[in-house]
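Single-letter residue listing:
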Amino acid sequence: MRVLGIESSCDETGVALVDASGAAVPRLLGQALHSQIAMHQAYGGVVPELASRDHIRRVLPLMAEVMVQTGCTPAEVDVVAYTRGPGLAGALLVGAGVACALAASLGKPALGVHHLEGHLLSPFLSADPPEFPFVALLVSGGHTQLMRVEGVGRYELLGESIDDAAGEAFDKSAKLLGLPYPGGPHLARLAEQGDPQAFKLPRPLLHSGDLDFSFAGLKTAVLTQVQKLGDGLHQRAPDLAASTQAAIVEVLLKKSLMALERTGLQRLVVAGGVGANARLREVLDAACRQRGVRVHYPELELCTDNGAMIALAAGMRLQGGLALPERRYSFDVKPRWGLAEAL
Ligand code: KG4
Ligand code: ZN
């Protein structure tokens, strides 16, 4: 079964084709991606209307690229999957509209996928795929969640961000430091030249005893330091970046270890854009090695948004027994959508 996946929830247009035949983990046949980062950079963040318009321009050429890459024709696609939510409403509508129109023209079913489920399952496309059950640390731009994952569609939320997510903490702190959008990777790069202990920044909820996260206070603390430094900011920016990254990483590490302890599980899966952070990977790897816990990540290029994870999630759902949807092509999108409600 060939599943085409279309991702358009934010600032990346992604299209991919996977083969989800039999019971084996779906195999990625080809994928194409267009990032809108350059377009939004002038505004310091994603402009939703521009994002939607750009998705319209990109999605069909990207699909054509995937067809050329894989030597497959649209008629050979069995299911068209798309991101139904969460994300920007207009951006989601483009992907959903195109996917349903395409499915209708081919007489094939269309299937809406939860974006976070895509992230969560993305390590299954890596060279070292995980096995169920595992603890998942999901760290995307807008979400920070710890989950107990028993199987496809069997997710128990253990804790989540009650205000800013880790990705937002990276992005907002980076903005305060005068770095370009998207701040996470820029802050991480600057942090390499700084001292992580130079500034004492809060580790919010570190000792709360639960598995929830809160990063809003950290952003305020970074703002206070930026104001204090004034003209001296430029010189101290690497130290402040390194200290900010250290605070975020320490909270993510400690809470992940707590989740492993509480569930008694020996496997950790890290997914979402912040999962690309080298320092986070370094400390998780070291701590898990000590405890005999296996850690799995998606391939670096599949950490951030892409079509492959959407095709994969649809493929794994169908392999797990989800009935193919009826060939009705009305659709809606869900800009706000909890993963638990998607079941
Ligand atoms: O999962 P994702 O691509 O989009 C959402 O679904 O939100 O995650 C994007 C987030 C942004 O906050 C971005 O700054 C962050 O991931 N990010 C990073 C790194 N690469 C991406 N944060 C820290 N270090 C990185 N290397
Ligand atoms: Zn995402």
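Here, every reference points to the structure presented above.
Summary of the structure given here. What you see is a predicted model, and the numbers here were worked out from it, not measured in a lab. (Residues numbered from 1 in each chain as written. Chains lettered and ligands numbered in written order. Predicted model: local features only at pLDDT ≥ 70, side-chain atom pairs only at ≥ 80, totals over all residues. Heavy atoms only, no water.)

## A short note on helix α9 (residues 278-291)
Link 1 in the chain: Over its 14 residues, α9 extends 20 Å from the first C-alpha to the last, a length consistent with the 20 Å expected when each residue adds 1.5 Å.
Link 2 in the chain: If you check which residues of α9 are buried, you get Leu 280, Arg 281, Val 283, Leu 284, Ala 287 and Cys 288.
Link 3 in the chain: For α9, the secondary structure elements touched by its buried residues are β6 (134-139), α8 (233-263), β9 (267-271) and β10 (294-296).
Link 4 in the chain: The N-terminus of α9 is capped by Asn 277, whose side-chain oxygen sits 3.2 Å from the backbone nitrogen of Arg 279. (Helix = DSSP H or I, 4+ residues; strand = E, 2+ residues; numbered from the N terminus. Expected span 1.5 Å × (residues − 1). Buried < 20%, exposed > 50% of the residue type's maximum accessible area, 1.4 Å probe, protein only. Contact = heavy atoms within 4.5 Å. Polar contact = N/O pair within 3.5 Å; in protein donor to acceptor, adjacent residues only side chain to side chain.)

## Section: the sheet that holds β6
Link 1 in the chain: In space, the 5 strands of this open sheet follow the order β8-β7-β6-β9-β10, with mixed pairing throughout. In this open sheet, the two strands that pair with only one neighbour each are β8 (154-160) and β10. Shown here is a sheet whose adjacent strand axes are inclined to one another by a mean of 25°, direction ignored. (Pairing = 2+ DSSP bridges. Axes fitted to C-alpha atoms, helices over the stretch in contact; angles between N-to-C directions.)

## Brief notes about the coordination of the zinc ion (ligand 2)
Link 1 in the chain: Within the protein, the zinc ion (ligand 2) binds to His 115 (NE2), His 119 (NE2) and Asp 305 (OD); these donor distances fall in the range 2.0 Å.
Link 2 in the chain: Classification of the site at the zinc ion (ligand 2) as tetrahedral follows from its 4 donor atoms and the range of 94 to 132° in their angles at the metal. (Donors = N, O, S within 2.8 Å, 3.2 Å for Na, K, Ca; no water. Tetrahedral: all angles 85-135°; square planar, octahedral: opposite > 155°, others 65-115°.)

## Re the side chain of Glu 12
Link 1 in the chain: On the secondary structure map, Glu 12 appears in strand β2 (residues 12-19).
Link 2 in the chain: Although Glu 12 lies buried, it forms no salt bridge, and the closest oppositely charged side chain, Arg 58, sits 12 Å away as judged by the N-O distance.
Link 3 in the chain: Within the local environment of Glu 12, its side chain forms a polar contact with the side chain of Ser 35, the two groups lying 3.2 Å apart. (Lys, Arg positive; Asp, Glu negative; His and termini not counted. Salt bridge = Lys/Arg side-chain N within 4 Å of Asp/Glu carboxyl O.)

## Topic: the packing of aromatic side chains
Link 1 in the chain: Tallying each qualifying case throughout the model produces 4 aromatic pairs.
Link 2 in the chain: Between Phe 124 and Phe 134, the ring centres sit 6.3 Å apart and the planes meet at 45°, which makes this aromatic pair tilted. In this pair, Phe 124 is assigned in the loop between α4 (115-121) and β6 and Phe 134 in strand β6, connecting sequence segments 10 residues apart. Across this residue pair, the class does not change: Phe 124 and Phe 134 are buried.
Link 3 in the chain: Considering the side-chain rings of Phe 132 and Phe 134, the 5.4 Å spacing of their centres and the 15° angle between planes classify their relative orientation as stacked.
Link 4 in the chain: Exposure remark for Phe 132: the relative accessible area of 30% places this residue in the partly exposed category.
Link 5 in the chain: Look at Phe 134 and you get buried, because its relative accessible area is 0%.
Link 6 in the chain: Here the aromatic residues Phe 124, Phe 132 and Phe 134 are joined through ring pairs into a cluster of three or more.
Link 7 in the chain: Directly above the aromatic system of Trp 337 lies the positively charged group of Arg 84, at a separation of 5.3 Å from the ring centroid.
Link 8 in the chain: The ring of Tyr 297 has Arg 281 sitting right over it, with the charged end atom 4.2 Å from the ring centre. (Phe/Tyr/Trp six-rings, centres within 6.5 Å; stacked < 30°, edge-to-face > 60°. Lys NZ or Arg CZ within 6 Å of the ring centre and 35° of its normal.)

## A short note on the environment of Cys 10
Link 1 in the chain: Relative to the helices and strands, Cys 10 is located in the loop between β1 (2-7) and β2.
Link 2 in the chain: Taking the C-alpha atoms as reference points, Cys 10 and Gly 87, 77 residues apart in sequence, are found 6.0 Å from one another.
Link 3 in the chain: Apart from the residues within four sequence positions on either side, Cys 10 is in contact with Gln 36, Val 46, Ala 51, His 55, Leu 88, Ala 91 and Asp 305.

## Looking at the environment of Val 94
Link 1 in the chain: Position of Val 94 relative to the elements: it lies in helix α3 (residues 89-106).
Link 2 in the chain: Taking the relative accessible area as the measure of exposure, Val 94 reaches 12% and is therefore buried.
Link 3 in the chain: Between the alpha carbons of Val 94 and Thr 83 there is a distance of 10.0 Å; along the sequence they are 11 residues apart.
Link 4 in the chain: If we skip the residues at most four places from it in the chain, Val 94 touches Ser 8, Ser 52, His 55 and Ile 56.

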